[in-house]
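Structural overview for review
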Amino acid sequence: MSDVCVIGSGFSGSTVAHRLALGGSRVTILETGIDHRQPIPERCQVRYSNVGPIRYMFRDVSFRCIGGTSEHWYGNTPRPHPNDLQTRSAHGVSEDWPLTYEELEPHLEEAERVLGVAGADDEPHHAPRRVPFPLPAWPLSHSDRLIRDGLAGSGIPVLSTPQARTTLPYRGRPRCLNLGRCNTCPINARTGATSTSLRWALETGRVELVSEATVVRLESDEQGRITEAIWVDPQGQSHRQRADLFILAAHVPDSVRLLLHSTSPRWPTGIGNGEDMVGRCFMDHGRHNANAVIEERTWPNRLYFQTAAIHHWADAPDRADRGAYLIEILNYIGVAGPGSFTRGTDLWGLPLKRHIRESWGHNIQFHCGVEMLPDPVNRITLDPDEVDAHGIPIARFDVRFDDYALAGYASAAASMDQIFEILDARDVVHRPMRAGQLVSIYHPAGGLRMGRDPATSVTDPWGQIHGVPNLFVAGTGLFPTIGTVNPTLTMIALALRTSERIESLASQGDL
Amino acid sequence: MSRFTEREEGLSRRDFMVTAGGGLIALSLTWPALAQSDPLEIFEPELINDLVALGETLVPEDVTPGMGRDDVLRWLEQRMARDRDTPIWLRRAMPTLEAGVEVAGEPGARFAALSAEQRHAVLVHLLDDPGEASGSDWDLRVVRSLIEGFYNSPIGYTVVGYRDHTGTSLAGDVTSYTGPAQMPGEGETP
């Protein structure tokens, strides 16, 4: 028996665990995955199916491990634009979050301190801020500067990208050494839960982490309160974890699966699914890359993370008509190496050497993800035919692009072409998603959306599932809209806010 | 720093292969063991010598290193690591080179025995007017993959101004990425 049972040890779950443990709660974290430095077994791979008109693809960038996705991500941590949370009020499209940027800002500040975000304080185009970043910014790369200078006078600014990656030693983590393995940083210069919130939670002495513990069902009583989590170990042995409070913080498809699978007389279609909203309004940012060649040398591949982006179209006046987007500038240019310039030529010997010297290293590449609307028809359900290793139906995605998102992708392509033209670039190559595919950049969101109206949301504005007083959701599943920026910082801010709410309710005896 | 100096300073084969990326299968080997590694056991020395001479001619040294014996052996090792048929198509391709030697006026001689000028003349004949050899194992699997393999290797990166393959070579360097680097030979006539 614990005070709190947290399902999932990623940033969201460990953040809540840490905060509640600091308040004196005894917390058990159940994590299905293992240490990611070990070979990842099949049961920790993500399996899913598709039934919708487009094929949603994210298997290749996801697996289950201690620390969750925080152990394999790139560390981009821009704040949301204020209007990302208020698109209905600001642009008359989509809907508003049940909180404003100003309400979220204290938690964004704390999330930046948790992660040790390195950012530039003096860029007026970023989301407003009241306090400096915890760490000084990563300087713009050589190619960032070329693009910035080339766009000078165009009204399209190039902004520094805040990074959860150390520019100086920070809270026990070393300074980045540019080892080139940036999404699975071997020295924790890029923040992960195991080097921050999860470690701190365990250090309180009031948190127990149980790995390889796959929660297969939540049991509830007649009043709808969750009483215990049923979990199985790798040998298939079943266990029960009782607690007063439960935090559902697995990644989006698994959290949805668990709720839908946990049926009972009180919840015949799944916990919290009385309005058939669990799994609905699922969203992600799809991928569109484009590259080109410019006159100057860009000296690519000397840094394997991003240091700049173009936010010009992230909250443009025509956001009512098309999905908004961020254009990220890649420092790793997407060429395999100088050898790629030996293709398509019959040269050899010294002429080939001269050709490679002249042609290699002039590339620029952009990476773009576009906002999609929260449409109830885009949903995650349980696959009726296929189960995982524990007999639980796998997630089945039913996803489609609306005209708003498609207009956003068309606009993104045109904007990148506009930039290339200003830069006098040549050999432009677009790499859009193939027709009928949504290739995830691993920003799954929605499906467990928060809101004030139980008819259109799964949780209240603080993540408490409607009608279930002792079950909260943490994670990007809460997002009512997906916005344009990378979601991790906002997700952690929400987890901190949820923790604060729980402490407040507990102190009033309302849990 | 030349590649030979690096080796004298103890750049291990493990380091070399890690930075090369694709050759992880050979991590357990060390430089001294290289001479006894599989390629030399599978192929007769004459064929190895011809391949090395071919590599030296395809990528000659100028202000940056050219392709040397160790680069050729590493290429062979990598090819065989992912393609067990390598010895078959390699032997099938080499008669093209042997036939080309006649252009040098040295019928029956090994390619490796020719002077640098003669080797160059042979390759001008075979590569600039390849005829039936175009698209063959000789053209694509040997010549083009030897060239591409070199330029994608850590040593190949020196041609475009990097100390070697980035990633590990820049470890500890979190400042130089903000400015231009120096392209070797820029402004010079190699």
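Conventions adopted
Residues numbered from 1 in each chain as written. Chains lettered and ligands numbered in written order. Predicted model: local features only at pLDDT ≥ 70, side-chain atom pairs only at ≥ 80, totals over all residues. Heavy atoms only, no water. Helix = DSSP H or I, 4+ residues; strand = E, 2+ residues; numbered from the N terminus. Buried < 20%, exposed > 50% of the residue type's maximum accessible area, 1.4 Å probe, protein only. Contact = heavy atoms within 4.5 Å. Areas by Shrake-Rupley, 256 points an atom, 1.4 Å probe, with all protein chains shown as cover. Buried area = accessible area lost by both parts, 1.4 Å probe. Salt bridge = Lys/Arg side-chain N within 4 Å of Asp/Glu carboxyl O. Polar contact = N/O pair within 3.5 Å; in protein donor to acceptor, adjacent residues only side chain to side chain. Pairing = 2+ DSSP bridges. Axes fitted to C-alpha atoms, helices over the stretch in contact; angles between N-to-C directions. pLDDT = per-residue confidence, 0-100.

With that settled, the discussion passes to the overall build of chain B. Secondary structure summary: chain B contains 10 helices and zero strands in total. N-terminal to C-terminal, the α/β element order of chain B is α-α-α-α-α-α-α-α-α-α. Buried residues in chain B amount to 50% of all 190 residues. Restricting to contacts in chain B with at least 6 residues of sequence separation, those with at least 24 account for 63%. Of the roughly 8800 Å² of accessible surface on chain B, 51% is carried by carbon and sulfur atoms.

So, about the environment of A:Ile364. Looking at where A:Ile364 falls in the secondary structure, it is placed in strand S15 (residues 363–370). Residue class for A:Ile364 comes out buried when judged on its relative accessible area of 1%.

Taken together, the contact between chain A and chain B spans 39 residues of the former and 45 residues of the latter. For the pairing of chain A and chain B, the buried interface totals around 3400 Å² over both sides, and the portion due to carbon and sulfur atoms is 58%. If you look at where chain A meets chain B, you find three salt bridges. Put simply, B:Asp62 and A:Lys353 hold a salt bridge, and the shortest N to O gap is 2.9 Å. There are 22 residue pairs in polar contact (both at pLDDT 80 or more) connecting chain A and chain B. Of all elements in the fold, only helix H4 (142–151) and helix H7 (349–359) of chain A reach the threshold of two or more residues within the side of chain A that touches chain B. Looking at the side of chain A that touches chain B, the element that brings in the most residues is H7(A), giving seven residues.

Further remarks concern the sheet that holds strand S14 (residues 325–330) of chain A. All names here are of chain A. Here we have six strands laid out as an open sheet, ordered S7-S13-S14-S15-S12-S18, and antiparallel in their pairing. Each edge of the sheet is formed by a strand with only one pairing partner; in this case those strands are strand S7 (159–160) and strand S18 (426–431). The sheet contact formed by strand S12 (residues 288–293) and S15 spans six bridges and is antiparallel. Note on S15: the bridge partner recorded for Ala290 is Phe366. The strands touched by helix H8 (residues 403–422) are S12, strand S13 (308–310), S14, S15 and S18; relative to S15, the strand with the most contacts, the crossing angle is about 160 degrees.

Moving on, we come to the confidence of the model for chain B. Residues and elements named next belong to chain B. Per-residue pLDDT for chain B has a mean of 75; in total, 72% of the residues score no lower than 70. Considering each helix and strand of chain B separately, the mean pLDDT is smallest for helix H1 (residues 3–8), with a value of 30, and largest for helix H5 (residues 45–58), with 95. Across residues 1–37 the pLDDT falls below 50, and counting only partners more than four positions away or on other chains, this stretch makes 58 contacts in the model. Note on the complex model: pTM 0.86, ipTM 0.80.

Turning our eyes to something else, we now look at the side chain of B:Ser153. Counting through the fold element by element, B:Ser153 comes out in the loop between helix H9 (137–151) and helix H10 (154–157). There is a polar contact of 2.6 Å between the side chain of B:Ser153 and the backbone oxygen of B:Phe150.

Glancing now at H7(A). All of the buried residues along H7(A) are A:Gly349, A:Leu352, A:Lys353, A:Ile356, A:Arg357 and A:Ser359. Check the buried side of H7(A) and you find it contacts H5 and H9 of chain B. Directly beyond the C-terminal end of H7(A), a positive phi value near 85 degrees is found at A:Gly361.

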